[in-house]
Amino acid sequence: MKQDMIVILDLGSTQNTVVARQIRDLGVYSEIHPHDITAKELTELDNVKGVILNGGENRVVDGSAVVVLDELYSLDLPIISIDYPESKCEVKYDTLPSDEVMKEFLFTTCKAQANWNMKNFVEDQIELVRKQVGDKKVLLALSGGVDSSVVAALLIKAIGKQLTCVHVNHGLMRKNESENVVEVFGKQLDANLVYVDATDRFLDKLAGVADPEEKRKIIGSEFIRVFEEEARKLEGIEFLGQGTIYPDIIESGTKTAKCVKSHHNVGGLPEDLQFALVEPLAQLFKDEVRACGVELGLPAEMVYRQPFPGPGLGVRCLGAITRERLEALRESDAILRDEFAKCGLDKKVWQYFTVVPDFKAVGVRDHERSMGYMCVIRAVNTIDAMTASIERIDYDILEKIADRITEEVPSINRVVYEITKKPVATIEFE
Ligand code: XMP
């Protein structure tokens with residue numbers, strides 16, 4: 001390993017990630033581990049320079065206090081504790097130390113080097129993946145989202161053709177997205193890429209289904225089915241690559257933190273999964289994943305892509321999906337993205353997209369009464385997607401977008417701007 005590391009032991013703190021970020025922002029790599037780690041496990045981690053016992057409000061689980069093993073105190077490592085008054089450390093803090101205090105601990109007490117950067121991280125992970133995988137083969141579901149793209153780029157660098165990427169186009173991707181995956185991974189990075197156009201299969205299954213939850217379930221289960229079918233065609237695969245990132249693991253619940261929501265790539269794996277997992281981004285926060293993508297040379301539009309739901313345009317083509325309305329949605333979304341990019345709003349707004357409801361309204365086209373669909377624009381800002389505010393878009397920009405959409409998408413004759421916060425609305429419509 002190229003980097004020194006500080007280990008944070010999770011004794012029920014809700015602030016683990018804050019402490020980990022503080023240390024990484026000061027230039028030292030940090031990892032969060034469970035409180036019951038043994039001295040042997042701790043010494044087997046590479047380049048550990050110090051330990052922080054991070055206590056907090058969840059320090060009692062099932063009636064018992066969460067404590068660290070006494071044997072850790074006899075290791076030849078500096079240890080401090082935060083919000084853990086029972087701890088046997090000489091240096092204890094009641095609350096999070098300031099940057100100055102933390103720097104003193106990192107650089108004076110632990111003598112750690114400020115050598116945490118993406119170049120070193122990528123080199124370390126390449127080495128670790130090669131060690132884990134040996135000469136075996138790895139399979140990766142490449143959706144084209146940030147996490148799976150970055151993991152693909154990293155695995156291609158580490159093991160080249162031992163990796164097979166499968167991209168399932170469910171027909172609910174945004175304009176040119178699947179084409180970009182083929183261009184970047186299949187052509188530029190010369191990956192083993194299996195591209196499956198399953199558009200008809202998905203749209204046939206979804207035909208006439210209006211209930212949002214039912215739609216999501218069909219898309220999710222069909223996706224797994226297609227992926228499994230493709231995986232069965234390949235021989236000798238022993239590993240499954242996953243774009244699991246640190247917040248996925250935290251939200252899926254740790255030994256002391258309750259489950260917020262189970263992520264499909266953490267809690268939702270089939271029980272009979274035959275593969276071992278390769279998860280080189282599992283310790284990274286989202287912005288670090290993007291920085292890793294940049295380090296690996298991925299195009300900016302892939303790395304800084306806005307969040308896009310797994311069921312894709314399926315949850316924005318409201319009610320029962322039709323091909324005509326899906327096409328109107330895809331085109332209007334592309335126009336919105338183009339206009340946002342032209343005026344710089346793409347760098348400012350967290351998430352923006354169009355929605356096409358399943359009813360028609362009266363309009364006038366070519367001097368004649370005509371019926372057309374309505375297109376809803378949604379543009380929101382948020383930090384954690386739990387609450388969201390709307391972007392106050394300039395009227396001239398809105399009008400330009402409305403003109404373009406109604407001119408270039410003949411089936412749409414109205415454009416509206418949605419101005420509801422979350423809550424009471426959600427960001428998506430379904
Ligand atoms: P809501 O609509 O719940 O959305 O306010 C919050 C954020 O989550 C995204 N979202 C999803 N992401 N699979 C995903 O990967 C999904 O099924 C899904 N549903 C919503 C949504 O785009 C927003 O960023």
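Residues numbered from 1 in each chain as written. Predicted model: local features only at pLDDT ≥ 70, side-chain atom pairs only at ≥ 80, totals over all residues. Heavy atoms only, no water.

Student: Got a sec to walk through the site of the ligand? Specific residues and values, please.
Tutor: Every residue close to the ligand is listed here: R216, P307, P309, G310, P311, W350, Q351, A385, K422, T426, I427 and E428. Between an oxygen atom of the ligand and a side-chain N or O atom of Q351, the distance comes to 2.8 Å. For the ligand, whose unbound accessible area comes to 500 Å², protein coverage reaches 69%. In terms of residue class, the shell around the ligand is built from 6 nonpolar, 3 polar and 3 charged. (Near = heavy atom within 4 Å. Polar contact = N/O pair within 3.5 Å; in protein donor to acceptor, adjacent residues only side chain to side chain. Areas by Shrake-Rupley, 256 points an atom, 1.4 Å probe, with all protein chains shown as cover. Nonpolar A, V, L, I, M, F, W, Y, C, P; charged D, E, K, R; others polar.)

Student: Can you break down the domain arrangement of the protein residue by residue, with the values?
Tutor: By domain assignment, the protein separates into domain 1 (5-109), domain 2 (118-303) and domain 3 (322-417). A straight line from the C-alpha centre of domain 1 to that of domain 2 covers 32 Å. (Domains from an automatic or database assignment.)

Student: Kindly report on the packing of helix α12 (residues 323-342) against helix α14 (residues 395-408), identifying the contributing residues and their values.
Tutor: Running from amino to carboxyl end, α12 crosses α14 at an angle of 145 degrees, the nearest separation of the two axes being 10 Å. Of the two possible hands of crossing, α12 and α14 adopt the one that is right-handed. Note on element contacts: α14 touches α12 through K400, I401, R404, I405 and E408, opposite S332, I335, L336, D338, E339, F340 and K342. The class makeup of the residues in the contact of α12 with α14 is 5 nonpolar, 1 polar and 6 charged. (Axes fitted to C-alpha atoms, helices over the stretch in contact; angles between N-to-C directions. Helix = DSSP H or I, 4+ residues; strand = E, 2+ residues; numbered from the N terminus. Left-handed = near helix turned anticlockwise from the far one by under 90°. Contact = heavy atoms within 4.5 Å.)

Student: How would you sum up the packing of helix α1 (residues 16-25) against helix α3 (residues 99-109)? Please name residues and give values.
Tutor: At their nearest, the axes of α1 and α3 sit 10 Å apart, and the two run at 70 degrees to each other. Considering their axes alone, α1 and α3 lie roughly perpendicular with respect to each other. α3 is crossed by α1, and the crossing has right-handed handedness. Counted together, V19, Q22 and I23 of α1 and D99, M102 and L106 of α3 form the full contact between these two elements. Counted by class, the contact of α1 with α3 contains 4 nonpolar, 1 polar and 1 charged residues. (Parallel < 35°, antiparallel > 145°, perpendicular 65-115°, else oblique.)

Student: So, the pattern of salt bridges: which residues are in play, and what are the values?
Tutor: Under the counting rule described, the total for this entry stands at 34 salt bridges. Across the pair R305 and E177 runs a salt bridge, and its minimum N-O distance is 2.6 Å. In this pair, R305 sits in the loop between α11 (300-303) and α12 while E177 sits in helix α6 (residues 177-188), placing the two residues 128 residues apart along the sequence. Judged by relative accessible area, R305 falls into the buried class, the value being 14%. Note on E177: relative accessible area 9%, which makes it buried. Of the charged contacts in the structure, one is a salt bridge between D338 and K342, with a shortest N-O distance of 3.5 Å. Here K342 and D338 lie together in helix α12, a separation of 4 residues that amounts to about one turn. (Salt bridge = Lys/Arg side-chain N within 4 Å of Asp/Glu carboxyl O. Buried < 20%, exposed > 50% of the residue type's maximum accessible area, 1.4 Å probe, protein only.)

Student: I'd like a description of the nonpolar core, backed by residues and values.
Tutor: Judged by nonpolar contacts, the single largest core of 55 residues is most densely connected at L53, F185, L281 and C292. Looking at which element gives the most residues to this core, the answer is helix α5 (residues 146-159), with 10 residues. Looking at which domains feed residues into this core, each of domain 1 (5-109) and domain 2 (118-303) supplies at least three. Beyond its immediate chain neighbours, meaning those up to four positions away, F185 contacts L142, S149, A152, A153, I156, D190, A191, L298 and M302. (Core = buried A, V, L, I, M, F, W, Y, C linked by side-chain atoms within 4.5 Å.)

Student: Quick one: what's the story with the environment of K49, residue by residue and with numbers?
Tutor: Topologically, K49 is positioned in strand β3 (residues 48-55). Residue K49 is classed as partly exposed on the basis of its relative accessible area, which comes to 28%. Linking K49 and L77, residues 28 residues apart in sequence, is a C-alpha distance of 6.6 Å. Beyond its immediate sequence surroundings of up to four residues, K49 is in contact with D4, M5, I6, L77, P78, C110 and A112.

Student: Tell me what's going on with the sheet that holds strand β6 (residues 79-82), and back it up with residues and numbers.
Tutor: Backbone-to-backbone hydrogen bonds pair the strands of a sheet. The strands run either parallel or antiparallel. Here we have 5 strands laid out as an open sheet, ordered β2-β1-β3-β6-β7, and parallel in their pairing. On the outer flanks of this sheet lie β2 (29-34) and β7 (91-93), each paired with one strand and no other. Put simply, the sheet's adjacent strands are angled 25 degrees from each other on average, direction ignored. Of the strand pairs in this sheet, strand β1 (residues 5-11) and β3 are connected by 7 bridges, and their pairing is parallel. Bridge assignment links L11 to a residue of β3, and that residue is G55. Packed on one face of the sheet, α1 meets β1, β2, β3 and β6 and runs near 155 degrees to β2. In the packing of α3 onto the sheet, contacts are made with β1, β3, β6 and β7, and the angle to β3 comes to roughly 140 degrees. (Pairing = 2+ DSSP bridges.)

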